[in-house]
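Remarks on the overall topology
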Amino acid sequence: MTDAQRKRERAATKASTKGLLICLAVLSVAGAGAWFALTTGLERLPSKVCEGSVDRDVVIRALPRTRTAEEGSSRSHEGKNLMFSCHIYTSADSILSGMTRVDDASMQQWLDHYGGTTSKESIRVSADGIEALAGLNTDSGRSSVYVPCVPRGVPAGSANESYAIITEASVVGAGRVSGAALRQAVSDFAYQLTKHVYEEAGCKDRRTFPEELPRYEDDR
């Protein structure tokens, strides 16, 4: 092989290698873009979902990455019969949902219904008369929030029990996280729904809500 032939062969090899590297770089960028497009459905939701009641970041903490996500809400009745629901559906087959209502129920009745029969079934936090429970023996992050409230149109002292705003929330399907982290995310979701309905119900004896619930510390 002559020197000229060897030079041409080396040049061809360099060109082929350069072309391969460029091709790999293009494929890498395209792959990253495709992955981003397929996993950022939650980030494309409004900054506040469900009538502006819940921060998108709370939803992102609870649900897994997904190609698409859809949020929605509904309400029915007013005053002592007010009900409000919020849901986020994803193409990953996971759903975050919550339902908030005005109820004629004491805190003890709420505890009996949502707290289970032993302390090993749920964990509880409270702040300024606001109560929250999360189930320990569940993969859904099932949580509930209770806030005393005599709604608009109900004379104080006329109820058989104390009126309250009660929210129940959970994840159906896989969550982004599990254990205490999922319970906290779902409880924060329920808490923001509760604050929203508290305003909508026109509760008497107005209260100031903390920015957030106390954090769950026990990951039993």
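Up top is the structure.
The shown structure was predicted, so the numbers you read here are calculated from the model rather than taken from an experiment.

1. Observations regarding the pattern of salt bridges
If the charged atoms of two oppositely charged side chains come close together, the side chains can form a pair. A complete count under the given rule lists eleven salt bridges for this structure. Of the charged contacts, one joins Arg75 and Glu51 as a salt bridge, the two residues approaching to 2.6 Å between their closest N and O atoms. Of this pair, Arg75 sits in strand β3 (residues 69-76) while Glu51 is found in the loop between β1 (48-49) and β2 (54-55), placing the two residues 24 residues apart along the sequence. You can call Glu51 partly exposed: its relative accessible area is 43%. Of the charged contacts in the structure, one is a salt bridge between Glu131 and Arg124, with a shortest N-O distance of 2.9 Å. What you see here is one network of salt bridges that share partners, running through Arg61, Asp188, Glu212 and Arg215.

2. A closer look at the packing of aromatic side chains
Within the structure shown, the criterion is met by four aromatic pairs. Plain terms: the ring middles of Trp110 and Tyr146 are 5.4 Å apart, the flat faces sit at 35 degrees to each other, and that makes the pair tilted. Taken as a pair, Trp110 in helix α3 (residues 107-114) and Tyr146 in strand β8 (residues 143-148) lie far apart in primary sequence, 36 residues in all. Of the residues examined, Trp110 reaches a relative accessible area of 1% and is grouped as buried. With a centroid separation of 6.1 Å and an interplanar angle of 55 degrees, the aromatic rings of Tyr191 and Phe209 are classed as tilted. Taken together, the residues span a long stretch of sequence, with Tyr191 in helix α4 (residues 179-200) and Phe209 in the segment after α4 at a distance of 18 residues. The exposure classification of Tyr191 matches that of Phe209, with both residues buried. Within the aromatic cluster, the residues linked to one another by ring pairs are Trp110, Tyr114 and Tyr146.

Definitions and limits used
- Residues numbered from 1 in each chain as written.
- Predicted model: local features only at pLDDT ≥ 70, side-chain atom pairs only at ≥ 80, totals over all residues.
- Heavy atoms only, no water.
- Salt bridge = Lys/Arg side-chain N within 4 Å of Asp/Glu carboxyl O.
- Helix = DSSP H or I, 4+ residues; strand = E, 2+ residues; numbered from the N terminus.
- Buried < 20%, exposed > 50% of the residue type's maximum accessible area, 1.4 Å probe, protein only.
- Phe/Tyr/Trp six-rings, centres within 6.5 Å; stacked < 30°, edge-to-face > 60°.

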